[in-house]
Amino acid sequence: MEGLIGLLVLAILAVPVLLVVALVSVSGLKRRVADLEAEVAQLHRRATAPPGQAPAAPASGDWMQRSAPPPESPPAAQAQQPAPAVVMPAPAVADAPASPPAAPAITARPLEATAASPSPGHARPSRAVPPAPARPDFVTVSIRAVKRWFSVGNVPVKIGMLVLLAGVAALLKYAADQGWMVMPPEFKLAAVAAAALGALVFAWRKRESNRAFALSLQGGAIGVLLLVVFAAFKGFGLLPAGAAFALSVILVAGAGALAVLQDARALAVFALLAGFLAPIWLSTGGGNHVALFSYYAIVNAAIVGIAWYRAWRVLNLLGFAFTFGIGTVWGVLDYAPHKYASTQPFLLLFFLFYLAIPLLFARRRPPGRRDLIDGCLLFGAPLVAFSLQAGLMAGRPMALAFCALGVGALYMALAWWLRQRRGFDLLLQAYAMLAVGFATLAVPLALSAQATASVFALEGAALAWLGLRQQRRLPQFAGAGLQLAAAAAFAIARANGVDAGTMVFNGNFMSALLIALAGFASARAYRQAGHDTPALAYYGWGLAWWLLNGIHEIDAWLLHRSVPDALLAFVALTGWLAAEVHRRRPAGALAVTALAALVAAAPLALWQSATHAQPFAGHGLWAWLAFALLGVRSLLCLRDSGHRAAAAAQFAWWLVWALAASLLLDWLGGRTAGLADGWRQALVVMPWLALATAALYRWRWLSMPLGERFDGWRERLLAVVFAVLGLWWVAALFRVGGAAPLPWVPLLNPLELAQLAALVLALRWQLGDARRPQPALGILFALLGFAWLTALVLRAVHHWGDAPWSDALLSTSLAQTSLTVAWSVLGMLGWVAGSKRGQRTLWLAGAALMGVVLVKLVVVDRQHLGNLLGIGSFIAYGLLCTVVGYFAPAPPRRAGDEGMEVSA
């Protein structure tokens, strides 16, 4: 309440001053207006005077006109041109008629006589004098005076004195204590809802004249109304659950209707998201899945209805993802066998919905483009729905087999139906493929399978090779099918059997290895035949089996703490083998595999640190030694092949080692040496600072072994390194930065020195060969320096003022006063330096910072006017503004300002 008292005193002191200034300005303006009116009248008389006659002017005495020809003029010229008149002051006469030309020597006559005897034929019509401009009213003059007071003169001193008066008033009212008035939440919510409804109505009226603005405003207004409902239900308990849900449904339905009426896809997406999320954020924890799925059935029916009129694919995909995604999460967390009867109808209904949507999507396409089908829903809906069906029918394989047969029959019927319609050939083929697939799936579900994976895999590779030699597609498809059957048989065998033997030398490992080798052999055969796409698919198949087999073997036979170390060595081995094969038989997939092996070391290093504190503990040292040797060999192989992935691999190589070194130094600084947080943060970032320094000043060290081929990646490496440094730098702003066992000293502590080094290196990188930064870059680094200085001040408050390093630190008077003083000093320095150096931008930056401090005083520091520290911040700011007003009262002139003033 002390802040309110201070603001009240400030207003009371400011109003009389402003009124006096306004009255003085009004009186001055009145005099200036009177002078201007007189000047305008005199100029008008001069403009309306007759030719050859001087305009009349008021004076004391007679009006006389004396004229004489110039002595050197010839007589003829003297007779033709009038003599110049000498005008003496006389009373003004309006619209006097002009007199005819006289002889060269004319005796001066009073102007009244000339006006009394006008010559016929030379009389001029009288001209109406334009009315004087209207004087501004008192309010306008007052506003101009107030604006002039705040923009002309020594503004810093004016503002500083007002703030200083507020601080003194708060000091006098130090012991005041009063309560706050709180508005009831019902009024707040009602006001927000009324404003949102008004915005919605306004947006509806502007839907044709400004469509983009209207649609955005409609979405925002409906979103605000949904938030009001949510706040009334969850935050304040003003609405029951049923009413809140009903209002949400109405709002969502209204948003969907607006979307369809206006053909607004973005608004429809917003309505859909809100519709799916409404039962989640309004949930009371009752767990009524029938109500939830009934509501989702209504939403999906609306999606089907929209699909009848609009071919909005994104809407269909979102509905599919939310429906089956939330259904899957519910099934994993809450499904039980006794809920089968109440769950199965909804799964069937959702499947039918998304079975119909691809048909509607194809129907909405133009006749010549109906082959563009929605493949995600076409294949995703049956696969996801059948997977969920398998979960519902767990332990009932025969029933699931009949279910697969039924789905296959359904798709076969759809394919038969589409045969009679033109333009749906691709959709017909897709339905036929799904029918065959589900019919085939029913066989292993109904019958038992034996572990013949190895034979199937080898036979499949042989058939693929034979089909390529004979250029026949059927053996190739049969070979692919046999390899897939081998995988299925292996999975069944592993589920029913137990690993026997020792690590690597056991039946399961050898069977999976044969499946992988069969995939690699098929990939090689297809690549030699020039079919790159099937070759890539077979290579991915074989690589997946190779990796999964190795990972399973390591996990099954080794201790948990040794798993990440063994995986690092296995990944290095995989990358080296791929690089060696790539050197002899170049292939892009092999080069990418070697690259991925180097990249995979980064998450494995994090796993090692989580398992045994740092990457090199336990067997990690040997794993990293193997990674170093095999990694260097992989880089050499990639260099010899000349593939473009070589540079990316070396790029990842340096980043991985920087990460591993950071994890090691973090462990050394924290758990071994027992250093404080500031030392640990500095040690963590030290490898990245070293990498940035080497990239800036010793690039040749980092370019090996690729050499000049890696030069094009220098900027990319610097960008990533400085991105990491930037993230660390921002995170370090919120760290306490202790320097134990040394005392904490501002700036001279490890954390702030590391931050300063990162800023200097980043500035060096951005400057390049330039001597001065660009204005935008200068502003960015000025803001970063300001944030760094602010963090330094807060750490000083913590370490020297015994304030806790938490969110409560900013609520202390000492922290707020320290920030006010520090920012004010910084703004004062910018203000004065800009004025003395003639740098207007620097002066304006200092002025802007002082303005920010002024806003902070009014918004934040006024809450601390009840203690001496808060009052001190007001007084300090006022004194600093007064000092600025003495040294730098006005901004430095621009280059053309002085010339403009002179010309004016």
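Quick caveat: nothing in here was measured; it's all calculated off a predicted structure. (Residues numbered from 1 in each chain as written. Predicted model: local features only at pLDDT ≥ 70, side-chain atom pairs only at ≥ 80, totals over all residues. Heavy atoms only, no water.)

I tried to follow a nonpolar patch on the surface on my own but got confused; where do I start?
On the surface, Val745, Leu747, Leu748, Leu753, Leu756 and Val760 cluster together to form a nonpolar patch covering roughly 480 Å² of accessible area. Within the secondary structure layout, Val760 lies in helix 28 (residues 750-767). (Patch = residues over 30% accessible without salt bridge, like charges linked within 9 Å, V, L, I, M, F, W, Y side chains within 5 Å. Areas by Shrake-Rupley, 256 points an atom, 1.4 Å probe, with all protein chains shown as cover. Salt bridge = Lys/Arg side-chain N within 4 Å of Asp/Glu carboxyl O. Helix = DSSP H or I, 4+ residues; strand = E, 2+ residues; numbered from the N terminus.)

Can you help me understand the pattern of salt bridges in this one?
Oppositely charged side chains can form a pair if their charged atoms are brought close together. Using the criterion set out here, one finds 8 salt bridges in the structure. Across the pair Glu580 and Arg633 runs a salt bridge, and its minimum N-O distance is 2.7 Å. Of this pair, Glu580 sits in helix 20 (residues 563-584) while Arg633 sits in helix 23 (residues 620-641), and the two are 53 residues apart along the sequence. Residue classification places Glu580 among the buried residues on the basis of a relative accessible area of 12%. Given the relative accessible area of 28%, Arg633 is considered partly exposed. With a shortest N-O distance of 2.6 Å, Arg735 and Asp677 are connected by a salt bridge. Linking Arg735 in the loop between helix 27 (714-732) and helix 28 with Asp677 in helix 25 (residues 677-697), this pair joins segments that are 58 residues apart in sequence. The class for Asp677 is buried, based on a relative accessible area of 18%. Each of Glu580, Arg583, Arg584 and Arg633 takes part in one network of salt bridges that share partners. (Buried < 20%, exposed > 50% of the residue type's maximum accessible area, 1.4 Å probe, protein only.)

Just to check I follow, could you spell out the environment of Ala518 for this structure?
Tracing the sequence through the fold places Ala518 in helix 18 (residues 507-528). Between the C-alpha atoms of Ala518 and Gly460, which are 58 residues apart in sequence, the distance is 7.7 Å. Ala518 has contacts with Ala457, Ala461 and Gln483, leaving out every residue within four places of it along the chain. (Contact = heavy atoms within 4.5 Å.)

How do you make sense of the packing of helix 19 (residues 532-557) against helix 20 when you look at a structure like this?
With their axes 10 Å apart at the nearest point, helix 19 and helix 20 run at an angle of 155° to one another. Comparing the axis directions of helix 19 and helix 20 gives the class roughly antiparallel. Viewed along their axes, helix 19 and helix 20 form a crossing whose handedness is right-handed. Of the residues in helix 20, those in contact with Tyr539, Leu543, Trp546, Leu547, Gly550, Ile551, Ile554 and Asp555 of helix 19 are Val563, Ala566, Leu567, Phe570, Thr574, Leu577 and Ala578. Among the residues making up the contact of helix 19 with helix 20, the classes are represented as 12 nonpolar, 2 polar and 1 charged. (Axes fitted to C-alpha atoms, helices over the stretch in contact; angles between N-to-C directions. Parallel < 35°, antiparallel > 145°, perpendicular 65-115°, else oblique. Left-handed = near helix turned anticlockwise from the far one by under 90°. Nonpolar A, V, L, I, M, F, W, Y, C, P; charged D, E, K, R; others polar.)

Explain the nonpolar core here, please?
For soluble globular proteins, nonpolar side chains are generally found buried alongside one another. Judged by nonpolar contacts, the single largest core of 72 residues is most densely connected at Trp624, Phe627, Trp688, Val721, Phe722 and Leu725. Considering each element in turn, this core owes the most residues, 14 residues, to helix 24 (residues 645-672). The residues contacting Phe627, other than those within four sequence positions of it, are Leu568, Ala572, Ala597, Leu598, Ala601, Trp653, Val656 and Trp657. (Core = buried A, V, L, I, M, F, W, Y, C linked by side-chain atoms within 4.5 Å.)

These figures capture arrangement, not role.
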